[in-house]
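Each chain is listed here by its residues.
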Amino acid sequence: MATFSLLVTANPYSSQGQFSAIQFAKTLLEQGHQLMRVFFYADGVLVASRLHAPPADEINLTKAWAKLAIEKDIELVACVTAANKRGIVNAAEAERNALTGDNLDPAFAISGLGQLTEAMLESDRLITFG
Amino acid sequence: MNKSICIVFNKAPYGSQSGRELLDIALMAAAFDMPITAIFIDQGVYQLLKGQEPDILHIKNHSATFKALPLYGIEEVYVEQQAMQQFKLDIHQLLEIDGLQQATTDGIRAKIAQSDFVLTL
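Since the model is a prediction, treat every value here as computed from it, not as a measurement.

Reading the values: rules and limits
Residues numbered from 1 in each chain as written. Chains lettered and ligands numbered in written order. Predicted model: local features only at pLDDT ≥ 70, side-chain atom pairs only at ≥ 80, totals over all residues. Helix = DSSP H or I, 4+ residues; strand = E, 2+ residues; numbered from the N terminus. Buried ≥ 20, exposed ≤ 12 C-beta atoms within 10 Å, placed from the backbone. Pairing = 2+ DSSP bridges. Axes fitted to C-alpha atoms, helices over the stretch in contact; angles between N-to-C directions. Expected span 1.5 Å × (residues − 1). Arc of directions from axis to C-beta.

Draft legend 1. Representation of the environment of isoleucine 70 of chain A within the structure. Residues and elements named next belong to chain A. Positionally, isoleucine 70 belongs in helix H2 (residues 61–72). On the basis of neighbour counts, which here come to 11 C-beta atoms within 10 Å, the residue isoleucine 70 falls in the exposed class. Sequence separation between isoleucine 70 and glycine 32 is 38 residues; the distance between their C-alpha atoms is 17 Å.

Draft legend 2. Broad picture of the sheet that holds strand S4 (residues 100–103) of chain B. All names here are of chain B. Strands sit in the order S4-S3-S2-S1-S5 across an open sheet of 5 strands; the sheet is parallel. Unpaired on one side and paired on the other, S4 and strand S5 (117–119) mark the two borders of the sheet. Averaged over neighbouring strand pairs, the angle between their axes works out to 25° when direction is ignored. Where strand S2 (residues 36–40) and strand S3 (residues 76–80) come together, 4 bridges link them in parallel fashion. Pairing of isoleucine 39 across the sheet is with tyrosine 78, part of S3.

Draft legend 3. Helix H1 (residues 17–30) of chain A, seen in detail. Residue and element names in this part refer to chain A. In this model H1 runs 20 Å from its N-terminal to its C-terminal C-alpha over 14 residues, within 8% of the 20 Å that 1.5 Å per residue would give. Those residues of H1 not exposed but buried are Gln18, Ala21, Ile22 and Ala25. Down the axis of H1, the sector holding all buried residues measures 100°, keeping them to one side. The exposed set on the far side of H1, more than 90 degrees from its buried face, consists of Thr27 and Glu30. Downstream of H1 by one or two residues, glycine 32 has phi in the positive range, about 95°.

This is the structure in structure tokens:
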């Protein structure tokens, strides 16, 4: 059994990468592996917004990640630099930048790139979904 | 011994954020004392071209940071020979980075195979 972390850079509704990452995460957990952290970077951070409203008959990727995180106790971390410049902010960042509101989904945390490095140091494998 | 990382730049600069965001990963991992190899293949060799002026496009210039790679302890920097030939580039047209070496595609393949982690964007 191995410890995995995922690096997700895929734009959520423009490409398949996010859904593939969710499927991969579920499967590796079913097979008894550990999932230490999912790190969102580049356009991948966009999925951390709680304001996505896809059509009712399509998957809501943010909710799919949140469900997995809650059920399996998985860390979902978005890079602060990548997130803030793409309009994904938590309450603290919204206040610091004098923005009118925040939009980070509560299942996600915002942190620095050090969390990605730490994930590599503590995992056997890092799989990128771009 | 810390785990090693290979960071592969394969896209030209400024058309996407890929180069800059990979560079940020490299610098952060270097701060954690992970052995890092930076590799430039395909159109990624253009990341190292001298004289970039993206400022006129209101894009931040990250070229200077490549020159600082050795300062961050990233001393293994390889540029793919075949890509240099394909784009008719000469090593003198590239940034002066201490330790910058040309490598064959096979040589690069071997470097990647030896690394614990391989990252590209």
